[in-house]
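A closer look at the structure
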Amino acid sequence: MRTLVLAAAFVTVLVGAPGSAKAASLVAKVDISSQTMTVSQHGRVLYRWPVSTARKGYVTPRGTYRPQRLHRMWYSRKYDMSPMPYSVFYHRGYAIHGTGAVKHLGRPASHGCVRLHTGNAAIFYSLVKKAGMGNTRIVVVD
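Since the structure is predicted, the reported quantities are computational estimates derived from the model, not experimental observations.

Definitions and limits used
- Going along each chain's sequence as written, the residues are numbered from 1 onward.
- The model is predicted, so local features are restricted to residues of pLDDT at least 70 and side-chain atom pairs to those at 80 or more, both for listing and for counting; the totals for chains, interfaces and linings are taken over all residues.
- For side-chain calculations, the full set of non-hydrogen atoms in the structure is used, while hydrogens and water are omitted.
- Note on pairing: DSSP must find at least two bridges between two strands before they are called paired.
- Note on conventions: DSSP H or I runs of at least 4 residues are helices, E runs of at least 2 residues are strands, and numbering of each starts at the N terminus.
- Note on definitions: angles span 0 to 180 degrees between N-to-C directions of axes, and those axes are lines fitted to C-alpha atoms, for helices only across the stretch in contact.
- Working rule for contacts: check all heavy atoms of both residues, and any pair within 4.5 Å makes them a contact.
- What a helix is expected to span follows from its residue count: subtract one and scale by 1.5 Å.
- Only protein chains enter the accessibility calculation, which uses a 1.4 Å probe; a residue is then buried when its area is under 20% of its type maximum, exposed when over 50%, and partly exposed in between.

Re the sheet that holds strand 8 (residues 114-117)
If you walk across this open sheet you meet the four strands as 5-6-7-8, and the pairing is mixed. Two strands lie at the open edges of the sheet, namely strand 5 (69-76) and strand 8, each paired on one side alone. Strand-to-strand twist of the sheet, defined as the mean angle between neighbouring strand axes without regard to direction, takes the value 35 degrees. Bridging between strand 7 (residues 94-99) and strand 8 involves four bridges; their strand directions are parallel. For Gly98, the partnering residue across the bridge sits in strand 8 and is Leu116. Helix 2 (residues 118-131) rests against strand 5, strand 6 (82-91), strand 7 and strand 8 of the sheet, and its axis sits at about 40 degrees to strand 6.

Right, here's the structure in full:
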């Protein structure tokens with residue numbers, strides 16, 4: 001029994017405490033100031049994509065989150081049934097999702113969600129499904 005407890009403690013120290021960003025194998029860092037999202041897995045950068053976050057009058061919440069639910073296709077009940085392909089919901093009604101408004105990527109344009117090119121949203125969605133929601137962190141910073 002003592003060996004089991006020591007092994008568990010060693011794993012916690014090695015990978016970080018459960019629930020911490022350090023313990024996540026997949027991390028999406030959304031940088032509001034540069035309007036980019038960097039996706040890393042096991043500490044290695046895989047992708048850096050332009051995004052659109054909240055435009056004036058709206059807010060994209062800052063903080064560290066765990067994905068709550070995934071939808072290959074979602075329609076926003078709040079915003080006229082707007083399509084939200086490859087949605088990864090992470091905080092209340094906020095999600096990272098694909099958009100057809102690609103000409104706005106790289107500058108604030110959304111109602112608060114993080115918009116990506118639909119192809120990139122599909123890649124991110126697949127990565128989250130593969131890593132698992134419990135092993136994924138979404139970090140939104142200024």
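Structure's up, so let's keep going.
Description of helix 2
For helix 2, built from 14 residues, the straight-helix expectation of 20 Å at 1.5 Å per residue is met to within 8% by its first-to-last C-alpha distance of 20 Å. Buried within helix 2 are the following residues: Asn120, Ala121, Ala122, Phe124, Tyr125, Leu127, Val128 and Ala131. Looking one or two residues past helix 2, Gly132 carries a phi angle of roughly 95 degrees, positive in sign.

Comments concerning the sheet that holds strand 3 (residues 44-50)
If you walk across this open sheet you meet the five strands as 3-2-1-9-4, and the pairing is mixed. Strands with a single pairing partner mark the edges of an open sheet, and in this sheet they are strand 3 and strand 4 (63-65). Each strand of the sheet is rotated relative to its neighbour by a mean of 15 degrees, with strand direction disregarded. The pairing of strand 4 with strand 9 (residues 136-141) spans three bridges and is classified as antiparallel. Looking across to strand 9, one finds that Thr64 is bridged to Val139. Its contacts with the sheet place helix 2 against strand 1 (26-31), strand 2 (36-41), strand 3 and strand 9, and it is angled at close to 145 degrees to strand 3.

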